[in-house]
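Coordinate inspection notes
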Amino acid sequence: MGDPVTSIASWLENLLLGWGLSPGWVVFVMTVLGVFILATFVLVLDIFLVWVERKVVARFQDRLGPNRLGPFGLIQPIADVIKLLIKEDITPKGADRIVFNLAPIMALATVLLLWAVIPMAPTIVGSDINVGVLYIVAIGALSTLGIIMAGWASNNKYALVGAFRTVAQMVSYEVPMVIALLVPVLLAGSMGINSIVGAQNQLWFVFVAPIAALIVLITSIAELGRAPFDLIEAESEIVAGFHIEYTGMKFGLFYAGELLHTLTVGALISSFFLGGWRGPGAEAYPILGVGYFFMKAFFLYWVIMWIKYSLPRIRIDHMLNFNWKFLTPLSLVVLIVTAILHKVLENSDFWVYAVVMLAANLLIGWVTLQILRSRARVERQRVAEPRSVAVPPSSTISNPTA
Amino acid sequence: MTALQIVFFIVAVVTIFAGLMAVTVGNLVHAALWLILSLFGVALSFGLLSAGFLAVAQVIVYIGAIAILIIFAIMLTRRVATDIGSQINSGWPWAAVIAFVLCGGLIWMLREWPGFSTLPPQMSARADSLSMLGMALVSPNAYVIPFEVASVLLLAALIGAIIIAWERK
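Residues numbered from 1 in each chain as written. Chains lettered and ligands numbered in written order. Predicted model: local features only at pLDDT ≥ 70, side-chain atom pairs only at ≥ 80, totals over all residues. Heavy atoms only, no water.

1. Re the overall build of chain A
Convention followed: In DSSP terms, a helix is any run of H or I states spanning at least four residues, a strand is any run of E spanning at least two, and both are numbered starting from the N terminus. In this scheme, a residue with accessible area under 20% of its type's maximum is buried, one over 50% is exposed, and one in between is partly exposed, where area comes from a 1.4 Å probe on protein chains only. By the convention used here, residues are in contact when the closest approach between their heavy atoms is within 4.5 Å. For accessible areas, the Shrake-Rupley method is used with a probe of radius 1.4 Å. Any residue's cover is judged against the shown protein chains and nothing else.
Helix and strand counts for chain A stand at 15 helices and zero strands. Across its three principal directions, the C-alpha atoms of chain A cover 100 × 65 × 40 Å. The buried share of chain A, reckoned over its 402 residues, is 47%. Taking contacts inside chain A between residues at least 6 apart in sequence as the whole, the part at least 24 apart equals 75%. Accessible surface for chain A amounts to roughly 20,000 Å². Of this, 70% is attributable to carbon and sulfur atoms.

Following this line, the structure appears as structure tokens:
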């Protein structure tokens, strides 16, 4: 009753078996059907995301957003899709046609692949593999590839520069992200995402490992290439980066891929740190879990949008320094401290364990802030001290002390 | 023929075809992309053998690190990518002989291997191959020494990279 998806799946399975299909073929048909339904659901959700994005950014910028077509402008995304579909499809001269057309597909398909392992409810999960976290990292590598292909095949120097920046950014931010993702893996004792959600039955991991959650959020935004890490498509520097030459629905695929990726990142962080589908009554009625899951995912989606529309773009050397000199050492410290405390407090009461973990995280955060403050003081002094500046020759003669 | 066998044949044909294309196409970036497809096919084969960890590690290491490094190197040398030179040099007969000898040797060795006709053993649902692999890597009775040697080697490579990139003042 509370689990319609599983009941429909088992009914269909029995029906197919009753038609005389061999069990191997039934598994095959059910898998293909599952992939088809999940992908369609996520893509339809994606159309709705365009509306969410436009409506929320309008609120951040003190506007109303789309409000003419349908109630609250809800039909606007359909109109957007029709507009994108009937636009002229341009392939630039000198472009590598096959790679050029393959890149947008890669960009969207890699995001869809992530949904295969995200548990929406205790029983509604595409594939509950035991290497879920590594799978997500691997798919992240593939999405980098899609952007590189777009940048290279466009035969455009801005696109190529955007692709170079992508590689620098995504490959760097993968390091602290993977290290920080090891913290929930360590706390849950498993790499399967459903097991990680299951291990948060007493307390969400965000309270046990807040710094790791923050690092994962920051690095995920960098992997998304959203502001303040949108150097890969910085409009003021390289026009639009890797998707500069794309028109119509091909650009639409990049845009849809980015929006969907943002929601996917929200879903992943909510599974790792905010208890995923957990909530009152979610275990008895899995359909409730789907509701909790999307509430948390959309909350994080909103947080990421909030950051995007509040912060200016980070400079490229700051971006790399921030990653290698701040996030990577911090994530290593958090991982080591968490691992040691997890082993030391193995047999103690759960609440003692949780409080000590939280205290350790707060201590690390406080020490980090102190170090940052002393570094900033040195930096301020360096900037403030008088520097030799070029002055016109006439003023040097009239005022030699300047 | 079961559904799994059909999927395996499709994956195998695509993998081999992509591998052939990787060494025969003229454009270097296309060769790298075909190589990625071939490596992805190998990862899928691991997945079909229920070796999920190997499949994912294959994608992370070969596609996420090595292939992207290759593409990056090619992109930085753009003129090379458009060069269409000869695909073979004068040493090709030797390469062909070695390839045939290796292939023949493998076939001869696998001639009497019983694995072709036996079914895979049913793993119990509780056996977690991933945690067993993890325990084996740090167990003194298993692979702890190779594991530690590999990590020292990686650390040495890391330090070496820093030394090379060090800006001497």
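And the narrative resumes.
2. As for the pattern of salt bridges
Residue and element names in this part refer to chain A. What counts here: Here, a salt bridge means any Lys or Arg side-chain nitrogen found within 4 Å of an Asp or Glu carboxyl oxygen.
Counting across every chain of the model gives nine salt bridges over all chains. Among the ionic pairs, E53 bridges to R226, the shortest N-O distance being 3.1 Å. With E53 in helix α2 (residues 23-60) and R226 in the loop between α9 (210-224) and α10 (235-238), the pair connects residues that are 173 residues apart, well separated along the chain. Residue classification places E53 among the buried positions, given a relative accessible area of 3%. Residue classification places R226 among the buried positions, given a relative accessible area of 1%. The partner of D89 in a salt bridge is K250, and the shortest N-O contact between them spans 3.1 Å.

3. Section: a nonpolar patch on the surface
Here is the rule: For patch detection, residues must exceed 30% relative accessible area and be free of salt bridges, and they are connected within 9 Å for like charges or within 5 Å for nonpolar side chains (Val, Leu, Ile, Met, Phe, Trp, Tyr).
On the surface, F48, L69, F72, L74, I75, I78, I82, L85, I86 and M249 of chain A cluster together into a nonpolar patch covering about 950 Å² of accessible area. Topologically, L85 of chain A is positioned in helix α3 (residues 76-85).

4. A look at the interface of chain A and chain B
Inclusion rule: A 1.4 Å probe defines the accessible area here, and the buried area is the portion of it lost by two parts on being joined, summed over both. A 3.5 Å cut-off defines polar contacts: any pair of N or O atoms within that distance qualifies, except that in protein one atom must be a possible hydrogen donor and the other a possible acceptor, and neighbouring residues in sequence count only when both atoms are side-chain atoms.
On the side of chain B, 27 residues touch chain A, which itself brings 24 residues to the contact. Taking both sides of the interface into account, the surface hidden between chain A and chain B amounts to around 2,200 Å²; carbon and sulfur atoms contribute 83%. For chain A, the biggest contributors to the area lost against chain B are L145, W152 and F164 of chain A; these three give 26% of the whole. Joining chain A to chain B, the criterion identifies zero salt bridges. The interface formed by chain A and chain B holds zero residue pairs in polar contact (both at pLDDT 80 or more) in total. Counting only elements with at least two residues in the side of chain A that touches chain B, the list comes to α2, α5 (132-153) and α6 (157-188) of chain A. Top element by residues in the side of chain A that touches chain B is α5 of chain A. It accounts for eleven residues.

5. Digging into the nonpolar core
Basically, it comes down to this: Grouping buried Ala, Val, Leu, Ile, Met, Phe, Trp, Tyr and Cys residues that are joined through side-chain atoms within 4.5 Å yields what is termed a nonpolar core.
Counting residues in each nonpolar core, the largest one holds 122 residues, and the members touching the most others are W115, L145, L187, F272, F273 and F293 of chain A together with I71 of chain B. For this core, the element with the highest residue contribution is α5 of chain A, accounting for 14 residues.

6. Comments concerning empty space enclosed by the protein
What counts, and what does not: In this analysis the probe radius is 1.4 Å and the grid spacing 1 Å, with only protein atoms considered; a cavity is a set of points the probe fits into but cannot get out of, a pocket is an open set with protein on both sides within 12 Å along at least five of seven lines, and lining residues have an atom within 4 Å of a point. Grid points are joined across faces, edges and corners, and a volume is the space filled by probe spheres set on the points. Throughout this entry, Asp, Glu, Lys and Arg are counted as charged residues, while Ala, Val, Leu, Ile, Met, Phe, Trp, Tyr, Cys and Pro are counted as nonpolar. The remaining residues, Gly among them, count as polar.
If you walk through the whole model with that rule in mind, you get two cavities of 30 Å³ or more. Computed from the structure, the largest cavity encloses a volume of approximately 240 Å³. If you trace the largest cavity, you find 20 residues lining it, with I136, M177, H261, V265 and L268 of chain A closest to the centre. Across the lining of the largest cavity, the residue classes tally to 13 nonpolar, five polar and two charged. By volume, the second largest cavity amounts to about 30 Å³. Residue lining of the second largest cavity: V99, I148, M149 and W152 of chain A together with V29, L33 and I71 of chain B, and that is the complete set. Listing elements by their share of the lining of the second largest cavity, those giving two or more residues are α5 of chain A together with α2 (28-48) of chain B. Ranked by residues supplied to the lining of the second largest cavity, first place goes to α5 of chain A with three residues. Residues belonging to the lining of the second largest cavity are distributed by class as follows: seven nonpolar, no polar and no charged.

7. Side note on the packing of aromatic side chains
All names here are of chain A. Note the following rule: The rule is short: rings of Phe, Tyr and Trp, with Trp giving its six-membered ring, pair when the centres are within 6.5 Å, and they are stacked under 30 degrees, edge-to-face over 60, tilted in between.
Enumeration over the complete set of coordinates arrives at 22 aromatic pairs over all chains. With centroids separated by 6.3 Å and ring planes inclined at 15°, the aromatic side chains of W115 and F294 adopt a geometry described as stacked. Here W115, found in the loop between α4 (97-114) and α5, pairs with F294, found in helix α12 (residues 286-308); they are 179 residues apart in sequence, far enough to count as distant. Residue classification places W115 among the buried residues on the basis of a relative accessible area of 1%. Take F294: its relative accessible area is 12%, and that puts it in the buried class. On the numbers, 5.3 Å between centres and 25° between planes, the contact of W302 with W306 is stacked. Of this pair, W302 and W306 both sit in helix α12, separated by four residues, roughly a single helical turn. Within the aromatic cluster, the residues linked to one another by ring pairs are F60, F299, W302, W306 and Y309.

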